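# Working through the structure, step by step
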There are 6 protein chains.
Amino acid sequence: MFYHDKRLQYYTAPERPDPLYAKKVQELIGGTFGEMTVMMQYLFQGWNCRGPAKYRDMLLDIGTEEIGHIEMLATMIAHLLDGAPLKTQEEGAKDSVIGAVMGGSNPRDTITNIIASSMNPQHSIVSGLGATASDSVGFPWNGRFIVASGNLLADFRSNLHAESQGRLQAVRLYEMTDDPGVRDTLSFMIARDTMHQNQWLAAIEDLESSGLETTPVPSSFPQDLEKSQHAYQFWNHSKGEESAEGRWAKGPSMDGKGEFEYVANPEPLGEAPVPPLGEPRLYTTNEASKPPMSIKKDS
Amino acid sequence: MFYHDKRLQYYTAPERPDPLYAKKVQELIGGTFGEMTVMMQYLFQGWNCRGPAKYRDMLLDIGTEEIGHIEMLATMIAHLLDGAPLKTQEEGAKDSVIGAVMGGSNPRDTITNIIASSMNPQHSIVSGLGATASDSVGFPWNGRFIVASGNLLADFRSNLHAESQGRLQAVRLYEMTDDPGVRDTLSFMIARDTMHQNQWLAAIEDLESSGLETTPVPSSFPQDLEKSQHAYQFWNHSKGEESAEGRWAKGPSMDGKGEFEYVANPEPLGEAPVPPLGEPRLYTTNEASKPPMSIKKDS
Amino acid sequence: MFYHDKRLQYYTAPERPDPLYAKKVQELIGGTFGEMTVMMQYLFQGWNCRGPAKYRDMLLDIGTEEIGHIEMLATMIAHLLDGAPLKTQEEGAKDSVIGAVMGGSNPRDTITNIIASSMNPQHSIVSGLGATASDSVGFPWNGRFIVASGNLLADFRSNLHAESQGRLQAVRLYEMTDDPGVRDTLSFMIARDTMHQNQWLAAIEDLESSGLETTPVPSSFPQDLEKSQHAYQFWNHSKGEESAEGRWAKGPSMDGKGEFEYVANPEPLGEAPVPPLGEPRLYTTNEASKPPMSIKKDS
Amino acid sequence: MFYHDKRLQYYTAPERPDPLYAKKVQELIGGTFGEMTVMMQYLFQGWNCRGPAKYRDMLLDIGTEEIGHIEMLATMIAHLLDGAPLKTQEEGAKDSVIGAVMGGSNPRDTITNIIASSMNPQHSIVSGLGATASDSVGFPWNGRFIVASGNLLADFRSNLHAESQGRLQAVRLYEMTDDPGVRDTLSFMIARDTMHQNQWLAAIEDLESSGLETTPVPSSFPQDLEKSQHAYQFWNHSKGEESAEGRWAKGPSMDGKGEFEYVANPEPLGEAPVPPLGEPRLYTTNEASKPPMSIKKDS
Amino acid sequence: MFYHDKRLQYYTAPERPDPLYAKKVQELIGGTFGEMTVMMQYLFQGWNCRGPAKYRDMLLDIGTEEIGHIEMLATMIAHLLDGAPLKTQEEGAKDSVIGAVMGGSNPRDTITNIIASSMNPQHSIVSGLGATASDSVGFPWNGRFIVASGNLLADFRSNLHAESQGRLQAVRLYEMTDDPGVRDTLSFMIARDTMHQNQWLAAIEDLESSGLETTPVPSSFPQDLEKSQHAYQFWNHSKGEESAEGRWAKGPSMDGKGEFEYVANPEPLGEAPVPPLGEPRLYTTNEASKPPMSIKKDS
Amino acid sequence: MFYHDKRLQYYTAPERPDPLYAKKVQELIGGTFGEMTVMMQYLFQGWNCRGPAKYRDMLLDIGTEEIGHIEMLATMIAHLLDGAPLKTQEEGAKDSVIGAVMGGSNPRDTITNIIASSMNPQHSIVSGLGATASDSVGFPWNGRFIVASGNLLADFRSNLHAESQGRLQAVRLYEMTDDPGVRDTLSFMIARDTMHQNQWLAAIEDLESSGLETTPVPSSFPQDLEKSQHAYQFWNHSKGEESAEGRWAKGPSMDGKGEFEYVANPEPLGEAPVPPLGEPRLYTTNEASKPPMSIKKDS
């Protein structure tokens, strides 16, 4: 069960409204790597967690923190949208079809017109100058943005990745404004992202050192069941061999169980496929003279 | 530019059709972590890559390989769907509304009826017993499943995560069938996933050792611009302290730049937010007696 | 900022697993009117609320409660999925293509086969027998399911509607199981839905009696700006006049400002539209001899 | 079966094109509460209706009217897009990378450039200056926007809410233009929304007075099957008690069957959940030493 | 403006309910090529049409007809869902976890259980045994399924294709049932699809013979602006030359303006791309020693 | 299996960056008729093809070519985004809320501000100035954009339509820029679209002349099973008879099997539907006095 404290985890209000920046901040709420994603991902991972209690508790702690991050950003967006212009200025050249829509050489009008024209229209029409559950182009957050697989190493790697993309995006947004209030709030969130990247790296170390899971995920699958001769080969699917220069092309594999091999000119191991005959009642097009199905098998 | 060889990278045909398993295999084609995802993700990362040529080439090599993985799975699905039943058997008890739909105590009919009832209906109606660009519940693959941020460490972590989820799902599907042909093909793909997990771990090491990027991503953002006092704190947002037991709660941080700190009873640092007044022309509900906007700032 | 208590708001475990019922319960988590919807809708409405503090506080209270409802249902789903069968039983008639897939006249096998065939495949492949952020057909929850318009009467009506659909669906699911544990948990949630329907009716009364908003929403828009002669007419767009028998067809209007009028044989008030000429550089098909744009206006 | 009259229900053409306003008007066609929603929602409710004929007829009447509303708005959008600029003006400073793209101090050019830059690009590329089945950010209308549950009170409340959001959005768009033609057409649609809000309120009264349904929906579910001790409690999930001040916190409940109760300091009624053990063949992470499943039940 | 006649265009009721077939019929309502698609596509094309009046009128006629096709199918689905089982039968082996869920060797129970398990769960939970605006896997219809480009030849080809896929799917569904009532209704719809395929072929002929548009669409684009040396070449991107055997590989081109040419061993005409340097403030990974941007151009 | 050549099929770099044009070019990558669509559609059709080898090979050849078209456009977008402005210029009028955001009468600043305001924000925040898998409004490409039905005539018609819409959009984009580099690259792609329209027309001729399929698709369905009396009728669903003037209204039908007939005043052939009674356990609203289900059938 959950409780709410009316105070924000951290917040400095923007010095000035900026409706266009509000549009961009939506990416941090409802984008693929926004706060709705990490909140929902950590909560579902916690609820689905069968592992040791410390992981479950940790997942729910951080998931609960992230709800408050949406709250901070929603507050920021409301402030950034304050007093946003609702329409372009009608003045200036009225002698032509287009010219009549808006105009004037007054720089203030030009500014207003640019803002009114480029805002997210749903910020005025739908939400009345409030945040929405969407990203910076207005696409809604959705449940396929998250994963909770029950395998903690797979999921911790997902979390590390989400915090990496998330901090990258927060930093980019930091660079895209000069407002000290916005930057102050973001500098707190960026610090939390630093923690959370460290946290997932620590959780991966914790989990791997506990022996519960390691590379390759899932590590308890018997590796003799896989085609091990292909488990450490890099296949060069292009002309040119720049890809031979990386760590992945030679030396011991990262899991310590093999040796990287560079296959410079890979050839297919299978044959050209023989599709089954079509089903007459489904009216697929079929080769009339085709012989009965004879699928060749790999030996 | 791309070229095609009609032979498959690897393939053993299923011994027997299994339309219900075909439905499940769709997850590996069009699911969040299916082959369409890794193919598109690696290709877009390659096309967007500004980094050293070896990374770009490597990304495009593996992206090109993954196109062939979709091809293998699409072939498998066509074979699994061969001869799928199109309707339930009408016989048996005809004396009641429901009973009349299908029936009979013949086990063969029961089997047919279960299959006909539980298949993905689009496998017959839409694709004529072929693969679709959807996951195991028929939800279509979409472009928000991938990321190509231009920051290679963020993206390599995403790739490591995708291959971890992907191998996990392939292994689960391996456990969900006894067909030797299907298992043989999957055992090749699982081996490639083993390689690809190792490959991304190697790429991460390669990139970090080159000095181009490290934790926290993006590492070139000046850390004095973030609220560093909060950059290594774990906030315990719940009652109970199981989460204090993990590696993330104490000791040096993973990036070597700080010390983890466990905040057992965190308090908000901000104040309760004061939203701006509503915009009359948008007809939002407003507190009549509300004073002019006065946003308190964090000091 | 938010806090978590590890205990559930209310919970009785299912007596027995039932993976097919787990699939259906997803509707209450990630469906259009599931708990993710009411949680997110109330929180965003609270964060966007400019109105009197009691509304904002009330919205955030109930939004916070709803997070815990997702938690209860996610727990229920994990219990319902416990021990779910991963594959069909291979025995019985092996003398034909289909017959060989699964079979046997053993009722136990038949049961297992039905369950294994009809489960949500993502419950095994993707989430490892845990809940997902999707509805009962696997479609993901998304941000367009919610609204937070800033106009409280519009939004309270939305909330009343969501709780009505939500309680209806919970009651239907109650009827679709005999498990006493599941029914006990649902009976708590249904009671909360009863409260929440009452709560929104009360909030509507509270708001209307405060004079802040009334019918028609938004009530502060000057009604002389609308075509008032059409503001209380029912247009009968079909042959036959059964629709004349309802309260909406005669008598004083509900807002007390007009009188319902039944227009039995409505005629269009406008003319056939005259579309503008196509733009040559967009290569639209155009009537060659078409005269210059002359749009007739309503007088 | 349906018929078409080429004349519009009502229409006054815009005085002047305004491609940016056309982008916004899309919200009224394909947005969550646009005309496609009400049209489809009423038609499906009518087709699914088992109730008295007057409701079925009324639903199909209004659904049929709404098709014509899409028609009016599509016509408006074509007129607003007439002569829209397809590219920015190339003149002015050509001495730098950015400067060369477009420029000039001519206000007319600036206006053209703003319009060409901020239009919905699909209005030119995809639809050739015509309306699309999308909202104001280009997100497509979809079938999850509607509901037809078969329970008429639940659905009438949905309709009341849709018309409230719809009128709110139409009024906001009215405020966002000065074009007399657009305003005239909108003033008709706003009047129809006034009627439709009244209509649904009347339909609710009609239905409740008929005894077919009342609060709480669905009212025929035996209330002794719900945990009635929690059916009228407001749980205060936050610090502070502003939420105690509303009608929902005290006094008789709206359904006349209970008394509101304010629970100032709610405690969880359930226990911390005990998740079942993981399934080994799904490779979820599991606590090694975990005892067999023992789910405690609420007594 | 539109009108409704309560009678259906054509209809024969199903002889017996069949809830699983109801699930499949949804494809014809809300699938990519279902009736919602053709209805909306033709109406939007009509509303956007600038061409001769006969096209506009014809488009709106057929679009109006299609609304009634949704109506027929929604009625069929309600009949097919009549009396659908809401839960599985609880009897039989109760001695194990799974066995206890449902069972019994009674064939009637087995039938009921299969139906209850494989139905679209939203048909009971969400719509109360009515049709929904979704396809056969429950994915909602959406506005990206349609196109109305303003170029009539492009759009008529789209319509021809939609009717081809639509008739194919209707025929497949015809084969998937033995119910005489369902088949009778479908046989009417299939006949209409026959007409509509003929209609679009006729419309294409009509349009081409009028000189308004021909191949390649859009035909008024000056062909000397395209790289005409590549306008009739087939590039063989694979090993093997089976693709040389078709009409597309030799002989005069279909537009009568060129000669097909088979390029057996195509080579890239461009160079390897040189991406621009990364933007430091976006923290993309960049090759340190990379020279300034120098994009080679094709000569 | 697939291979990559680092060289592009064709490419001329843009002369100058143009971030707003980059936003528009996304339509050609991830739009409904973008290169992702044709690539995936042709590959899936090839993989699902049971027909003669020449069709399968041809489909995979062109599908493979299209991968390279995405590559060309992704390269173009990176060049167009080079040096894109990340924020608006803060200067000029600072004496008011809005004025302070950005301003200045410097035309260069105005240009920069327009660009920074109207760019796709994900091009900076998400992809770091690279292409994304989305269309021109940021909506992601998805698997429902493609079809591979197994019936080649249905699918070739789909392909013809896709290339028609695709060339139309490419030509529109050609008109929307003056950049010689962009136009040169597009002129190659437009030529390929010319070929591909011709190719599909040729493939249709090839298929029809082979006797495998003809109009109406699917042609092997026995036409005596359809209601043939309605198979060549045009129903005039509107007042006015402009639609009688087209080729579709009179003369022999295009398939040579019938004669077009114009039904000027069509009447419904069915009756008003009688929906079945509601299911009490689903709490649908029901007419109390309703007689038992009696569905009238068409005779």
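Rules and cut-offs
Residues numbered from 1 in each chain as written. Chains lettered and ligands numbered in written order. Predicted model: local features only at pLDDT ≥ 70, side-chain atom pairs only at ≥ 80, totals over all residues. Helix = DSSP H or I, 4+ residues; strand = E, 2+ residues; numbered from the N terminus. Contact = placed C-beta atoms within 7 Å. Least-squares fit on C-alpha atoms with pLDDT ≥ 70 in both. Axes fitted to C-alpha atoms, helices over the stretch in contact; angles between N-to-C directions. Parallel < 35°, antiparallel > 145°, perpendicular 65-115°, else oblique. Left-handed = near helix turned anticlockwise from the far one by under 90°. Nonpolar A, V, L, I, M, F, W, Y, C, P; charged D, E, K, R; others polar. Domains from an automatic or database assignment. Buried ≥ 20, exposed ≤ 12 C-beta atoms within 10 Å, placed from the backbone.

In the annotation of an unreviewed UniProt entry, the entry for chain A reads Manganese catalase family protein, and the organism field reads Stenomitos frigidus AS-A4.

Before going further, it helps to spend a moment on the overall build of chain A. Tallying secondary structure elements over chain A gives seven helices and three strands in all. Starting at the N terminus, the α and β elements of chain A follow one another as β-α-α-α-α-α-α-α-β-β. A fraction of 69% describes how many contacts in chain A between residues 6 or more apart in sequence connect residues 24 or more apart.

In this complex, chain E contributes 104 residues to the contact, which on the side of chain F involves 104 residues. Among the elements of the structure, α3 (53-80), α6 (152-175), α7 (180-209) and β2 (233-235) of chain E are those that each provide at least two residues to the side of chain E that touches chain F. At 18 residues, α7 of chain E tops the list of elements feeding residues into the side of chain E that touches chain F.

With that settled, the discussion passes to the relation of the copies chain D and chain B. Between chain D and chain B, the superposition needs a rotation of 180° and an axial shift of 0.0 Å, giving an RMSD of 0.0 Å. In short, the pair behaves as if placed about a two-fold rotation axis. Mapped onto chain B, 100% of the interface residues of chain D again fall at the interface, so both copies present the same surface.

What follows is about the relation of the copies chain E and chain F. Take chain E, turn it by 180°, move it 0.0 Å along the axis, and it overlays chain F with an RMSD of 0.0 Å. Of the interface residues in chain E, 100% have counterparts in chain F that sit at the interface too, so the contact is made through matching surfaces.

In this section: the environment of Gln 165 of chain F. Turning to its location among the elements, Gln 165 of chain F is positioned in helix α6 (residues 152-175). In the structure, Gln 165 of chain F is positioned 28 residues away from Asp 193 of chain F in sequence and 9.7 Å away in space, judged by C-alpha atoms. Other than its neighbours up to four places away in sequence, Gln 165 of chain F contacts Val 147, Ser 149, Ala 154 and Ser 158 of chain E together with Phe 33 of chain F.

What follows is about the packing of helix α3 (residues 53-80) of chain A against helix α2 (residues 35-48) of chain C. Between α3 of chain A and α2 of chain C, the shortest axis-to-axis distance is 9 Å and the interhelical angle comes to 45°. With respect to their mutual orientation, α3 of chain A and α2 of chain C come out oblique. Note that α3 of chain A runs across α2 of chain C; the crossing there is right-handed. Of the residues in α2 of chain C, those touching α3 of chain A at Glu 71, Ala 74, Thr 75 and Ala 78 of chain A are Phe 44, Trp 47 and Asn 48 of chain C. Tallied by class, residues from the contact of α3 of chain A with α2 of chain C come to four nonpolar, two polar and one charged.

Here the domain parsing of chain A yields domain 1 (19-84 + 119-209) and domain 2 (223-263). Summarising the inter-unit geometry, the C-alpha centres of domain 1 of chain A and domain 2 of chain A are found 35 Å apart.

On to the packing of helix α3 (residues 53-80) of chain B against helix α7 (residues 180-209) of chain B. Residues and elements named next belong to chain B. With their axes 12 Å apart at the nearest point, α3 and α7 run at an angle of 160° to one another. Judged by the inter-axis angle, α3 sits roughly antiparallel to α7. Of the two elements, α3 crosses α7, and the hand of that crossing is left-handed. In this structure, α3 uses Ile 62, His 69, Met 72 and Met 76 to contact α7, whose residues at the interface are Val 182, Thr 185, Met 189 and His 196.

Residue and element names in this part refer to chain D. Residue placement: Ile 62 occurs in helix α3 (residues 53-80). Look at Ile 62 and you get buried, because 30 C-beta atoms sit within 10 Å. Separated by 217 residues in sequence, Ile 62 and Glu 279 have C-alpha atoms that sit 53 Å apart.

A few words on the interface of chain D and chain B. Accessible area lost on assembly of the parts is the figure often given for the size of an interface. At the junction of the two partners, chain D supplies seven residues and chain B supplies seven residues. A breakdown of the residues in the side of chain D that touches chain B according to their chemical character gives four nonpolar, no polar and three charged.

On to unusual backbone geometry. Across the junction of Thr 215 of chain B and Pro 216 of chain B, the peptide omega takes the value -5°, indicating a cis bond. One can find Pro 216 of chain B in the loop between α7 and β2 (233-235). The step from Val 217 of chain E to Pro 218 of chain E runs through a cis peptide bond, and the omega angle for that step is -10°. Backbone geometry places Tyr 283 of chain B, a non-glycine residue, at a positive phi of 60°. When you line up the elements, Tyr 283 of chain B lands in the segment after β3 (261-263). The backbone of Leu 129 of chain F shows a phi angle near 70°, a positive value even though the residue is not glycine. Tracing the sequence through the fold places Leu 129 of chain F in the loop between α5 (121-125) and α6.

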